[in-house]
Amino acid sequence: MHITTKALVLRGVDYKESDRILTLLTQEQGKLTASARGCRKKGSAIAAGCQLLAWSEMVLYDYQGRWAVKEAAAERLFQGVRDDIERLALGCYFAEAAELLAVEGESSPELLSLTLNSLHALDKMQEKPLALVKAAFEWKAMALAGYEPLIDGCAVCGAAVPEEPRFHLREGVLHCAGCRGGVGEGISMPLPLPALAALEHIVHGDPRRLFSFRLGEEDLRQLGDGAEAYLHTQLERGFSTLDYYKGLLRTEW
């Protein structure tokens, strides 16, 4: 059995002398694991297409009950991401998060589109702050994975525009600062009105214009802090790639 598909390489693990085990996010079959035999050999015809973060057209075949790469032609390598260590680290974080959120063998076109668009933003939209791209990816990825934040008003009093809005990480709801006692235990983080408007755009706006918003430095910081904390709270785990990215930022201080 053979299939031809376009795929984004989310992860690669070296195996034996010249092989690599790939985690792919494909157009039709969603997340798949495939072996790329000989891809690390010098002159391998599939080497470029099997790189981490490569968007490739692949021919996969069933080899002893598992997928294996027969052909791989890279269509886009996001070179602007590869040429900058911070962008590369952030792109790898997007890939690690997408790998966790995708379900093996289940089509995930919106998650694939989000990941590709976020890599494109890192690659070509270099005027956009990295913090903006990161926050937009995190909030949207969580919404697509079934953790959409409920932000259409205070979850306690019903106010359409919450007073001193805060976001409850465990419950995933918005509330007024004065209504804090009505949402139970756990951490609530401030989400000022400009950041709340940006979150509304991210979650409910046109996905093709995902990064088409601006925020001041402090509002962007709070939007990003909330996104990262919400992701960690709901998924109950950290990400080594995110730790590495944040370590790069700390070295600049």
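All values derive from a computational prediction rather than experimental measurement.

**A short note on the sheet that holds strand E2 (residues 19-26)**
- With mixed pairing, the five strands of this closed barrel are ordered in space as E1-E2-E3-E5-E4. On average, adjacent strands in this sheet sit at an angle of 50° to one another, irrespective of strand direction.
- The pairing of E2 with strand E3 (residues 30-36) spans seven bridges and is antiparallel. Bridged to Arg20 within E3 is Ala36.
- Each of strand E1 (2-15), E2 and E3 touches helix H2 (residues 85-101); the most contacted strand, E1, lies at about 115° to it.

**Examining the side chain of Lys31**
- With respect to the helices and strands, the residue Lys31 is situated in strand E3.
- Summary of buried charges: Lys31 has no salt-bridge partner, and the nearest side chain of opposite charge, Glu104, is 4.5 Å away.
- Of note is the side chain of Lys31, whose polar atom sits 2.8 Å from the backbone oxygen of Glu99.
- In this structure the side chain of Lys31 is engaged in a polar contact, spanning 3.2 Å, whose partner is the backbone oxygen of Ala102.
- Apart from the residues lying within four places of it in its own chain, the contact partners of Lys31 are Thr23, Leu24, Leu25, Glu99, Ala102, Val103, Glu104, Gly105 and Glu106.

**Brief notes about the sheet that holds strand E8 (residues 188-190)**
- With antiparallel pairing, three strands are arranged side by side in an open sheet as E7-E6-E8. Looking at strand neighbours, the two that pair on one side only are strand E7 (173-175) and E8, the edges of this open sheet. Neighbour-to-neighbour, the strand axes of this sheet turn through a mean angle of 30°, independent of strand direction.
- As judged from the three bridges shared by strand E6 (residues 166-168) and E8, these two strands associate in the antiparallel manner. By the bridge assignment for E8, His168 is matched with Ser188.

**A word on the pattern of salt bridges**
- Within the structure shown, the criterion is met by 13 salt bridges.
- Among the ionic pairs, Glu96 bridges to Arg237, the shortest N-O distance being 3.0 Å. In this pair, Glu96 is assigned in helix H2 and Arg237 in the loop between helix H6 (217-235) and helix H7 (240-250), connecting sequence segments 141 residues apart.
- Judged by relative accessible area, Arg237 falls into the partly exposed class, the value being 32%.
- Across the pair Lys246 and Glu228 runs a salt bridge whose closest N-O atoms are separated by 2.6 Å. In this pair, Lys246 sits in helix H7 while Glu228 sits in helix H6, placing the two residues 18 residues apart along the sequence.

**Side note on the packing of aromatic side chains**
- Summed over the entire model, instances satisfying the criterion amount to six aromatic pairs.
- Consider the rings of Tyr93 and Phe94, whose centres lie 6.1 Å apart with planes at 45°: the pair is tilted.
- The class for Phe94 is buried, based on a relative accessible area of 0%.
- Seen in terms of ring centroids, Phe94 and Phe137 are 4.2 Å apart; in terms of plane orientation they differ by 25°. Their pairing is stacked. Pair noted here: Phe94 is in helix H2 and Phe137 is in helix H4 (residues 130-147), with a separation of 43 residues, a long-range link.

**Structural notes on the nonpolar core**
- Grouped together as the largest cluster of nonpolar side chains are 60 residues, with contacts concentrated most on Leu8, Leu122, Trp139, Phe213 and Leu223.
- Of all elements in the fold, only E1, H2, helix H3 (109-124), H4, helix H5 (193-204), H6 and H7 reach the threshold of two or more residues within this core.
- Per-element tally for this core: the top contributor is H4, with 10 residues.
- Not counting residues within four places of it along the chain, the set of residues in contact with Phe213 comprises Lys128, Leu132, Ala136, Ala198, His201, Ile202 and Leu223.
- Residues Leu24, Leu32, Trp67 and Ala72 belong to the second largest nonpolar core, which totals 17 residues.

About the criteria used
- Residues numbered from 1 in each chain as written.
- Predicted model: local features only at pLDDT ≥ 70, side-chain atom pairs only at ≥ 80, totals over all residues.
- Heavy atoms only, no water.
- Pairing = 2+ DSSP bridges.
- Helix = DSSP H or I, 4+ residues; strand = E, 2+ residues; numbered from the N terminus.
- Axes fitted to C-alpha atoms, helices over the stretch in contact; angles between N-to-C directions.
- Contact = heavy atoms within 4.5 Å.
- Buried < 20%, exposed > 50% of the residue type's maximum accessible area, 1.4 Å probe, protein only.
- Lys, Arg positive; Asp, Glu negative; His and termini not counted.
- Salt bridge = Lys/Arg side-chain N within 4 Å of Asp/Glu carboxyl O.
- Polar contact = N/O pair within 3.5 Å; in protein donor to acceptor, adjacent residues only side chain to side chain.
- Phe/Tyr/Trp six-rings, centres within 6.5 Å; stacked < 30°, edge-to-face > 60°.
- Core = buried A, V, L, I, M, F, W, Y, C linked by side-chain atoms within 4.5 Å.

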